[in-house]
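Listed below, chain by chain, are the residues.
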Amino acid sequence: MEMCDQQQEEEQKIMNGFAYRLGACLNASGMTQRQLAEAAGITEAAVSKYLSGERVPRSVTVGALARALGVSVAALLDEPAADGDSVPEAVSVIARNARSLTDEQKQILFRAIANLKD
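Now for a quick tour of the structure. (Residues numbered from 1 in each chain as written. Predicted model: local features only at pLDDT ≥ 70, side-chain atom pairs only at ≥ 80, totals over all residues. Heavy atoms only, no water.)

## Some words on helix α3 (residues 44-52)
- Those residues of α3 not exposed but buried are Ala46, Val47 and Tyr50. Seen from one end, α3 has its buried residues packed into an arc of 100 degrees, which puts them on one side.
- Taken from the residues just after α3, glycine 53 is the one with a positive phi, measuring 85 degrees. (Buried < 20%, exposed > 50% of the residue type's maximum accessible area, 1.4 Å probe, protein only. Helix = DSSP H or I, 4+ residues; strand = E, 2+ residues; numbered from the N terminus. Arc of directions from axis to C-beta.)

Written out as structure tokens, the structure reads:
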């Protein structure tokens, strides 16, 4: 039972961190939630849920949000690990959504990761 509580706590931290960074980027952009939703190709309700921390978007949606805001995906996902966790938040989000990627998308992701190492 304790493990479930810890996992829920971690997920809540991720959602809150993403919501905070999304809100900061949205404010900096001067866009409205509606404008962001239209630019990212998602619903305004989805943007509202991401901003409130109620939901965390799939990795494809994170990319669309970042492009719409003119920021990097890392700006929305990455933050220094305060508790010594060695797995960046972006990796956790990608791992949770990897099953939904096509083989082609996985290859693109692997190439992008390989380029980051260089």
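Anyway, onward from the coordinates.
## Considerations on the pattern of salt bridges
- All told, the structure shown has one salt bridge when counted by the stated rule.
- A salt bridge links glutamate 44 to arginine 34; the nearest nitrogen and oxygen atoms lie 3.2 Å apart. Highlighted residues: glutamate 44 in helix α3 and arginine 34 in helix α2 (residues 33-40), separated in sequence by 10 residues.
- We classify glutamate 44 as partly exposed; its relative accessible area is 33%. (Salt bridge = Lys/Arg side-chain N within 4 Å of Asp/Glu carboxyl O.)

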